[in-house]
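What follows is the residue order along each chain.
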Amino acid sequence: MSMADIRNNFVGIKSPNPFWLASAPPTDKAYNVIRAFRAGWGGVVWKTLGEEGPPVVNVNGPRYGAIWGADRRLLGLNNIELITDRDLQVNLREIKQVKKDWPDRAIVVSLMVPCEEHAWKAILPVVEETGADGIELNFGCPHGMSERGMGAAVGQVPEYIEMVVRWCKANTRMPVITKLTPNITDIRKPARAAHAGGTDAVSLINTINSITGVDLDSFAPEPTIDGKGSHGGYCGPAVKPIAMNMVAEIARDPETQGLPISGIGGITTWRDAAEFMALGAGNVQVCTAAMTYGFKIVQEMIAGLENWMDEKGHASLDDIVGRATPNVTDWQYLNLNYIAKAHIDQEACIKCGRCHIACEDTSHQAITNMVDGVRHFEVIEAECVGCNLCVNVCPVENCITMEPLAVGVMDQRTGKPVSPVYANWTTHPNNPMAKVAAE
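Our subject in this report is the structure included herewith. What you see is a predicted model; the values in this text were computed from it and never measured. (Residues numbered from 1 in each chain as written. Predicted model: local features only at pLDDT ≥ 70, side-chain atom pairs only at ≥ 80, totals over all residues. Heavy atoms only, no water.)

### Quick notes on the overall build of the chain
Where we set the bar: Labels follow the DSSP assignment, with helices taken as runs of H or I lasting at least four residues and strands as runs of E lasting at least two, numbered in each case from the N terminus. Between buried and exposed lies partly exposed: a residue is buried under 20% and exposed over 50% of the maximum accessible area for its type, with that area taken using a 1.4 Å probe on protein chains only. By definition in these notes, contact holds between two residues if any of their heavy atoms fall within 4.5 Å. Working definition of accessibility: Shrake-Rupley area with a 1.4 Å probe, residue cover restricted to the visible protein chains.
Along the chain, the regular secondary structure elements total twelve helices and 22 strands. In terms of overall dimensions, the chain has C-alpha extents of about 80 × 65 × 50 Å along its principal axes. Buried positions account for 48% of the 439 residues belonging to the chain. Taking all contacts inside the chain whose residues are at least 6 apart in sequence as the whole, residues at least 24 apart take part in 70%. Surface summary for the chain: the accessible area is close to 21500 Å², and the carbon and sulfur share equals 53%.

As structure tokens, then:
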């Protein structure tokens, strides 16, 4: 029996666990959402609804492009699908019924309507009437919507974000979550705008503009529709590092500090979720992993998170959310007096030589390949700058490790002992902007 309490309260929206399904094909109708809830998902963000009238039209051919790892594991998906292509009233009826049948689960409704106040005023009360727990403003759909003044076209203009958030806050009692597009140079700008407009939370990242491949026979991008292709939205494990950086940027920005964040981007395991939450996300949303492995993966996520929390003595999600945020800093504040060297475990070494070649050709010539006429790989400490490239190219886990030098030990590369004093680039003598304390 797990001791850890993984119940989630995100801007007043309660769910039995922090794992929600993101707004996407898996949440497009009651059938899928009920299957998801049966499998154990804590909540869903219903696939984006548009205004009353003829629904959007999707292509009738392939909608996904893919990037695979060497074992054909799906690492990235690119989709050209649009918002729901089902009638608004059908979606609203289903949302109302599912919420009634599953009162303990979170149902947030994703919305995308034209950038005019009357359009938002029209849709908010009908969504509220379903009993939904909140809304998510879709400012990220990267394709097929910009001509209507929706999606990423709005999400790339901070003033529009602030304006739409204000309209929503003025016209609904439901919590408002603003979903941010990553197709922008500085994610803090739209987050600050949403915050200024009064948003209850932000969620990110939406998908990244991408073309996943080109067919070298037809010379058309994939997926190909009648000989042509289009850019689409990139998601899956491949985007996780980009998403985590953007979450951390918002979490540590003084202007948005404390703004609740729902983390999205390649979350496949409990560990991914824990990393997002450590960087400041209050919960997480999943799509590609469910599309790859099915809804039951949530059971592994729940069990894994509970086991890890029990093992580490974390009683509730509050113990982990934001714990890593203070440890994210700017390069100029990193300690230049911290010195580490690579060390090769000779027992584990399979003598493949990849570390030697990587270091010899592209780094610091700090790894031998022959010692006394025998094939042997070891670190030449006097040349090692501690870059850890060798660790990353070595095919054997933990065969090469980075060992910090203790204070006072001689660094053979510089001939100087390791200093106990923290020193960074802001005060370094080589820095033309160095701020040295006045004598």
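From this point, things continue past the structure.
### A few points about the side chain of Asn32
Structurally, Asn32 is set in helix H1 (residues 30-39). Residue Asn32 is classed as buried on the basis of its relative accessible area, which comes to 18%. Once you skip the residues sitting within four places of it in the chain, Asn32 turns out to touch Pro25, Pro26 and Phe295.

### A look at the pattern of salt bridges
Quick note on the threshold: For this document, the term salt bridge refers to a Lys or Arg side-chain nitrogen within 4 Å of an Asp or Glu carboxyl oxygen.
Taken as a whole, this structure holds 20 salt bridges when the rule is applied. Across the salt bridge formed by Asp186 and Lys189, the nearest N and O atoms sit 3.5 Å from each other. By relative accessible area, which is 15% here, Asp186 ends up buried. A salt bridge links Lys240 to Asp272; the nearest nitrogen and oxygen atoms lie 2.9 Å apart. Here the residue Lys240 occupies a position in helix H7 (residues 240-251), and Asp272 occupies one in helix H8 (residues 270-278), the gap between them amounting to 32 residues. The buried category is assigned to Asp272, whose relative accessible area is 11%. Overlapping salt bridges bring together Lys47, Arg63 and Glu81 as one network.

### A short note on the sheet that holds strand E14 (residues 232-235)
Selection rule: For two strands to pair, DSSP has to find at least two bridges joining them. To get an axis, a line is fitted to the C-alpha atoms, and for a helix only the part in contact is used. The angle between two axes follows their N-to-C directions and goes from 0 to 180 degrees.
As summarised here, the arrangement of the four strands in space is E5-E6-E14-E11, forming an open sheet in which the pairing is antiparallel. Since the sheet does not close on itself, it has two edges, and those belong to strand E5 (64-68) and strand E11 (208-210), each with one partner. Recorded for the sheet is a direction-independent mean angle of 35° between the axes of neighbouring strands.

### Quick word on the nonpolar core
How we decide: The term nonpolar core refers to a set of buried residues drawn from Ala, Val, Leu, Ile, Met, Phe, Trp, Tyr and Cys, joined through side-chain atoms within 4.5 Å.
Grouped together as the largest cluster of nonpolar side chains are 79 residues, with contacts concentrated most on Trp41 and Leu204. When residues in this core are grouped by element, the largest group, seven residues, is from H7. When residues no more than four places from it in sequence are discounted, the contact partners of Leu204 are Leu180, Ile187, Met246, Val247, Ile250, Ile261, Ser262, Gly263 and Ile264.

### Some details on the sheet that holds strand E4 (residues 43-49)
On the basis of which strands lie adjacent, the closed barrel formed by eight strands has the order E3-E4-E7-E8-E9-E10-E15-E16 and parallel pairing. Pairwise comparison of adjacent strand axes, ignoring direction, gives a mean angle of 25° for this sheet. Against the sheet, helix H2 (residues 88-101) touches E4 and strand E7 (106-111), its axis set at about 170° to E4.

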